[in-house]
Amino acid sequence: MTGTFKFLSVIALAAFIGVSSANYIVYGDSGLFKRSKGEWVWWPSAGSTAIDPYSRFYFMSQSRLPLSKFETVEVEATTDKEGRPLDADCIYQFSGRIPLSRWWTLASFAAETKSAPVDTSHSLSSHDVLFEENGTVNVIISKEIQAGNWIKPVGNDEFGMLLRIYNPINNFGGDAALSGELPSLSRQVCK
Amino acid sequence: MTGRSFWLVSLLLLSAACHLAFVLFGPNFNSQNLYQNLIAVTGTNKLQTLSAEQANRLSSSSDNKLVHAVCAYDLSRGPIQLTARFPESYWSVNIYSLQGDVIYTLNDRQANADSLSIVISSSGDSPPIAESETAQPAGLGEINVLSDDVKGLAVLRSALINEKERKRVAEALSRSQCQVKGS
C-alpha cells in the first residue's frame, strides 16, 4: 500500500469517525449533554450563555432558537413510553400532570425535519385544554379528530411531541422543574 | 515510533480534529443561514412582527401559541435601541448571539411593566464588565446588554390565549421599535 493511499484512507476514516462520534453524542443515547426522563429528553444548557457545543449543534442543525432556560423548560419525545418511535398511523394518549407553571404548550412536529405546521390542530396550550378534576391532563394524539383534548400528529410517518413549560414554579433555569413526574405517552392502537 | 503506531496516532488525532470541527463550526452555517433568512424578511435593525407561517418557516418548531417579532441587529453602525411595547398577556424578550445563544432574557413578570427600552452594544466598544452586570434589573430605565458578536437577533414573544387574538397581539407588538441608537 502506498503512503498516499494510506494517508487518504486515514483522512477518510478520521472524517467518518469524527462525524459519527459527534452525531452519536448529539442524537444518540450517550446522556452526556442531554437529560432524559422516560420518553422525554431535554438539553439543560440550551437557552443560556453556558450552552455547550453539542446542545448548540442540536438546536442550530434544526435552525431552531432555544427558549431561555430561565423562563422555559422544553422537553421533547420521539418515542412512546415503551421506547417505540411515535407513528402517525397509531393513536396515543398523553396523560398525567404537567409540572406547575404559569402556562404550557404541547405540539407535534415531524421527526425528520422538526418542522411544525401552523395549523392549530397540531398543538394545544394550557389555555385551551380541558383538565381532569384531579388536575391531570389527557390528550389523544390521532390523525382523526377526537372528542375532548386532541392533537393531530404532523405528517404520515414518525413524529415527535414538544412540551414547553413557561415559567415553571420550581427553580427557574434548573432541572428541578422536571423533578416530579412527567406525563406519559402511551400507544393505544395502530392501523 | 513504528509505522503502524504512527498511522494509528494520526487517525486518532485527525478523528478528534474532525469531531471538534464538525461540532464547533457546523452550527455556524445554520445560524448564518437563519440570520440571512430573517434579514430577507425583516431587514437589518428593524423590528418585524412575523405571521405564524413566517415564524415557522424561519425557525423550525417555533411555538405557534406565541406571536413573534424579530429584529436582526447589526452593531457595526453603533448600539441598537430596542423599544418594546407589549400586550397584557405573557411576553418575553430574548436576545441571541449570532450562534443562537441566549445572551439576555426578560419576561413580563420580571419587568413588571408593559414597555421597556434595551440598548444592545458590542462588547468590543465598551470596557469589559462581568457577565452578571450586563443585564440591569428591569424597571430602572434603560437596560444595557453587551453582545460579543456584532450581529444577532432580538426576539419578542407574546402569548396567545386563543387564535382569534393573534391580530390584536401582533398589532400590540408592532408598536415596538428596533433601530440604531440616536437615528
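Residues numbered from 1 in each chain as written. Chains lettered and ligands numbered in written order. Predicted model: local features only at pLDDT ≥ 70, side-chain atom pairs only at ≥ 80, totals over all residues. Heavy atoms only, no water.

A. Representation of the sheet that holds strand β7 (residues 143-147) of chain B within the structure. All names here are of chain B. One open sheet holds the four strands; their spatial order is β7-β6-β3-β9, and the pairing between them is mixed. Looking at which strands have only one partner, the edges of the open sheet turn out to be β7 and β9 (177-180). Taking the axes of each pair of neighbouring strands and ignoring which way they run, one obtains an average angle of 20 degrees across the sheet. In this structure, strand β3 (residues 80-85) lies alongside β9, joined through four bridges in antiparallel fashion. Bridged to Leu82 within β9 is Cys178. (Pairing = 2+ DSSP bridges. Helix = DSSP H or I, 4+ residues; strand = E, 2+ residues; numbered from the N terminus. Axes fitted to C-alpha atoms, helices over the stretch in contact; angles between N-to-C directions.)

B. Seen up close, the pattern of salt bridges. In this structure the tally under the stated criterion is 13 salt bridges over all chains. In this structure, B:Lys181 engages B:Glu142 in a salt bridge whose closest nitrogen and oxygen atoms are separated by 3.4 Å. Taken together, the residues span a long stretch of sequence, with B:Lys181 in the segment after β9 and B:Glu142 in the loop between β6 (115-122) and β7 at a distance of 39 residues. Classification of B:Lys181 by relative accessible area gives partly exposed; the value is 40%. Here B:Arg168 makes a salt bridge to B:Glu165, at a shortest N to O gap of 3.3 Å. When salt bridges that share partners are traced, they join A:Arg64, A:Glu74, A:Glu76, A:Arg164 and B:Asp63 into one network. (Salt bridge = Lys/Arg side-chain N within 4 Å of Asp/Glu carboxyl O. Buried < 20%, exposed > 50% of the residue type's maximum accessible area, 1.4 Å probe, protein only.)

C. Representation of the sheet that holds strand β4 (residues 91-97) of chain B. Residue and element names in this part refer to chain B. Read across the open sheet, the five strands follow the order β1-β2-β8-β4-β5; overall the sheet is antiparallel. Only two strands of the sheet have a single neighbouring strand rather than two, namely β1 (47-49) and β5 (102-107). Pairwise comparison of adjacent strand axes, ignoring direction, gives a mean angle of 15 degrees for this sheet. Judged from the five bridges that link them, β4 and β5 form a sheet pairing that is antiparallel. Along β5, the bridge assignment pairs Tyr96 with Val102. Sheet strands in contact with helix α1 (residues 3-42) are β1, β2 (66-74) and β8 (151-159), and its direction is about 100 degrees off that of β2. On top of the sheet, helix α4 (residues 166-173) reaches β1, β2 and β8; it is set at about 25 degrees to β2, its chief contact. (Contact = heavy atoms within 4.5 Å.)

D. Region of the structure containing the packing of helix α1 (residues 3-27) of chain A against helix α2 (residues 53-60) of chain A. Residue and element names in this part refer to chain A. Where α1 meets α2, the axes come as close as 9 Å, and the angle between the chain directions of the two elements is 85 degrees. Taken as axis vectors, α1 and α2 run roughly perpendicular relative to one another. From α1, Asn23, Ile25, Val26 and Tyr27 reach across to α2, where they touch Tyr54, Phe57 and Tyr58. When its residues are assigned to classes, the contact of α1 with α2 shows six nonpolar, one polar and no charged. (Parallel < 35°, antiparallel > 145°, perpendicular 65-115°, else oblique. Nonpolar A, V, L, I, M, F, W, Y, C, P; charged D, E, K, R; others polar.)

E. Focus on the interface of chain A and chain B. Across the contact, 53 residues belong to chain A and 48 residues belong to chain B. Of the roughly 4400 Å² buried between chain A and chain B, counting both surfaces, carbon and sulfur atoms make up 61%. Of all residues in chain A, A:Leu65, A:Arg102 and A:Val118 bury the most surface against chain B, accounting for 15% of the area lost on that side. At the junction of chain A and chain B, the tally comes to four salt bridges. Residue classes in the side of chain A that touches chain B are distributed as 26 nonpolar, 18 polar and nine charged. (Buried area = accessible area lost by both parts, 1.4 Å probe.)

F. Spatial organisation of the state of the cysteines. Residue and element names in this part refer to chain B. This structure, assessed with the given rule, holds two disulfides over all chains. With its sulfur 1.9 Å from that of its partner, Cys71 forms a disulfide with Cys178. Residues Cys71 and Cys178 are joined by a disulfide whose S-S torsion is about -50 degrees; by sign, that bridge is left-handed. Of the two residues, Cys71 sits in strand β2 while Cys178 sits in strand β9, which places them 107 residues apart along the sequence. Exposure class is identical for Cys71 and Cys178. Each is buried. (Disulfide = S-S within 2.5 Å.)

G. Region of interest: the packing of aromatic side chains. Residues and elements named next belong to chain A. Taken as a whole and assessed by the stated rule, the structure comprises 13 aromatic pairs over all chains. Here the aromatic rings of Trp104 and Phe131 are separated by 6.3 Å at their centres, their planes lie at 80 degrees, and the arrangement is edge-to-face. Of this pair, Trp104 sits in strand β5 (residues 101-110) while Phe131 sits in the loop between β6 (123-125) and β7 (137-141), placing them 27 residues apart in sequence. The class of Trp104 is buried, set by a relative accessible area of 4%. A connected cluster of aromatic rings, assembled from ring pairs, spans Tyr27, Trp43, Tyr58 and Phe59. When the ring centre of Phe70 is taken as origin, the NZ or CZ atom of Lys69, which lies over that ring, is 6.0 Å away. (Phe/Tyr/Trp six-rings, centres within 6.5 Å; stacked < 30°, edge-to-face > 60°. Lys NZ or Arg CZ within 6 Å of the ring centre and 35° of its normal.)

H. Looking closely at the side chain of B:Ser117. Residue and element names in this part refer to chain B. Locating Ser117 in the fold gives a position in strand β6. For Ser117, a relative accessible area of 16% translates into the label buried. Here the side chain of Ser117 touches Gln81 through a polar contact of 2.9 Å, side chain to side chain. Not counting the four nearest positions on each side in its chain, Ser117 is found in contact with Gln81, Leu82, Thr83, Gly141, Glu142 and Ile143. (Polar contact = N/O pair within 3.5 Å; in protein donor to acceptor, adjacent residues only side chain to side chain.)

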